[in-house]
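Observations on the three-dimensional arrangement
Here are the chains, one letter per residue:
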Amino acid sequence: MNKFISVEKALSFLKDGMTLMIGGFLGNGTPDKIVDAIAASSLKNLTLICNDTAFPDRGLGKLFVNKQVAKVITSYIGGNPLCNEQMNAGELEVDFVPQGTLAERIRSAGCGLGGILTPTGLNTLSAQGKQIINVDGKDYLLEKPLRADVALIRASVGDEMGNLVYRGTSQNFNPLMAMAADLVIAEVGELVKTGEIAPEYVKTPSIFVKYLVVM
């Protein structure tokens with residue numbers, strides 16, 4: 001199967017109101033080419049699952065500048081003042097999730113689990129409305145899995161089948177998100193022939209990747 005598509009084709013899979021996972025950590029490891037295409041489009045009412053909301057002029061922060069996001073599930077919005085303004089004005093729903101919990105909720109979706117148990121957030125506003133489960137005399141919050149319609153990720157190197165490698169900290173949430181969406185589109189910086197990536201270096205196996213956008 002030929003997995004290569006254009007940015008324009010990738011954009012055609014996205015619809016108003018979708019839930020998108022977008023990889024990256026303050027812009028590092030974000031699929032900028034695809035995000036820029038979204039920012040230039042008329043897509044709206046999106047729900048984003050992401051580590052942070054980046055900056056107004058970088059990464060997925062541009063989507064907040066354009067007010068294309070209705071809800072964001074994230075661990076941090078401090079780098080993008082527009083998110084604070086939109087949240088306070090009631091224009092943006094923000095679901096704050098501790099970073100480790102966010103990662104584990106995504107991972108649990110990818111692994112087919114019913115959620116995770118964590119003490120983080122007990123006796124805080126974060127616990128409101130959530131089930132508390134006692135294990136061996138200790139209370140835990142049940143945090144449910146996070147899954148998306150589409151995951152947009154960025155890999156440093158990919159082969160023709162879609163096996164992916166991430167360099168340095170650009171890995172961040174990308175491998176987890178690749179396991180937790182109905183459709184995965186990977187933006188790849190360097191393309192190599194199938195077999196050129198040693199199996200032990202593959203972080204995201206090709207079975208998770210539906211399409212590749214080569215920069």
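As shown above, the structure is provided for reference.
Quick caveat, the model's predicted, so the values are computed rather than measured.

**Things to note about the pairing of strand 3 (residues 69–74)**
The two faces of a sheet get side chains in turn, since along a regular strand they alternate between them. Judged from the 4 bridges that link them, strand 2 (residues 46–49) and strand 3 form a sheet pairing that is parallel. In the sheet register, I49 faces strand 3, and the bridge partner there is I73. Summarising the sheet, strand 3 and strand 4 (residues 93–96) pair through 4 bridges and their orientation is parallel. Residue pairing across strands places K71 opposite E93, the latter belonging to strand 4. The parallel pair strand 3 and strand 4, bridged by helix 4 (residues 81–88), forms a crossover whose chirality is right-handed.

**As for the sheet that holds strand 7 (residues 138–143)**
Reading across from one edge, 5-7-6 is the order of the 3 strands in this open sheet, with antiparallel pairing throughout. Edge positions in the sheet fall to strand 5 (116–118) and strand 6 (132–135), since each of these pairs with one other strand and no more. Averaged over neighbouring strand pairs, the angle between their axes works out to 45° when direction is ignored. Bridge count between strand 5 and strand 7: 3 bridges; the pairing is antiparallel. Considered in strand 7, the bridge of L117 is made with L142. Sitting on the sheet, helix 5 (residues 99–110) is in contact with strand 5 and strand 7, with an inclination near 160° to strand 5.

**Some thoughts on a nonpolar patch on the surface**
Taken together, F4, L191 and V214 make up a surface patch of nonpolar side chains, about 200 Å² in accessible area. Looking at F4, the relative accessible area reads 34%, which means it is partly exposed.

**Re the pattern of salt bridges**
Taken as a whole and judged by the stated rule, the model has 11 salt bridges. Here K62 ties to D36 by a salt bridge, and the two come within 2.7 Å at their closest N and O atoms. With K62 in helix 3 (residues 61–65) and D36 in helix 2 (residues 32–39), this residue pair connects regions lying 26 residues apart in the sequence. Judged by relative accessible area, which is 25%, K62 ranks as partly exposed. With its nearest N and O atoms 3.8 Å apart, the salt bridge here joins R154 to E187. Within this pair, whereas R154 is found in strand 8 (residues 148–159), its partner E187 is found in strand 10 (residues 181–192), the two being separated by 33 residues in sequence.

Cut-off values and rules
- Residues numbered from 1 in each chain as written.
- Predicted model: local features only at pLDDT ≥ 70, side-chain atom pairs only at ≥ 80, totals over all residues.
- Heavy atoms only, no water.
- Pairing = 2+ DSSP bridges.
- Helix = DSSP H or I, 4+ residues; strand = E, 2+ residues; numbered from the N terminus.
- Right-handed = clockwise from strand over helix to strand, strands pointing away.
- Axes fitted to C-alpha atoms, helices over the stretch in contact; angles between N-to-C directions.
- Contact = heavy atoms within 4.5 Å.
- Patch = residues over 30% accessible without salt bridge, like charges linked within 9 Å, V, L, I, M, F, W, Y side chains within 5 Å.
- Areas by Shrake-Rupley, 256 points an atom, 1.4 Å probe, with all protein chains shown as cover.
- Salt bridge = Lys/Arg side-chain N within 4 Å of Asp/Glu carboxyl O.
- Buried < 20%, exposed > 50% of the residue type's maximum accessible area, 1.4 Å probe, protein only.

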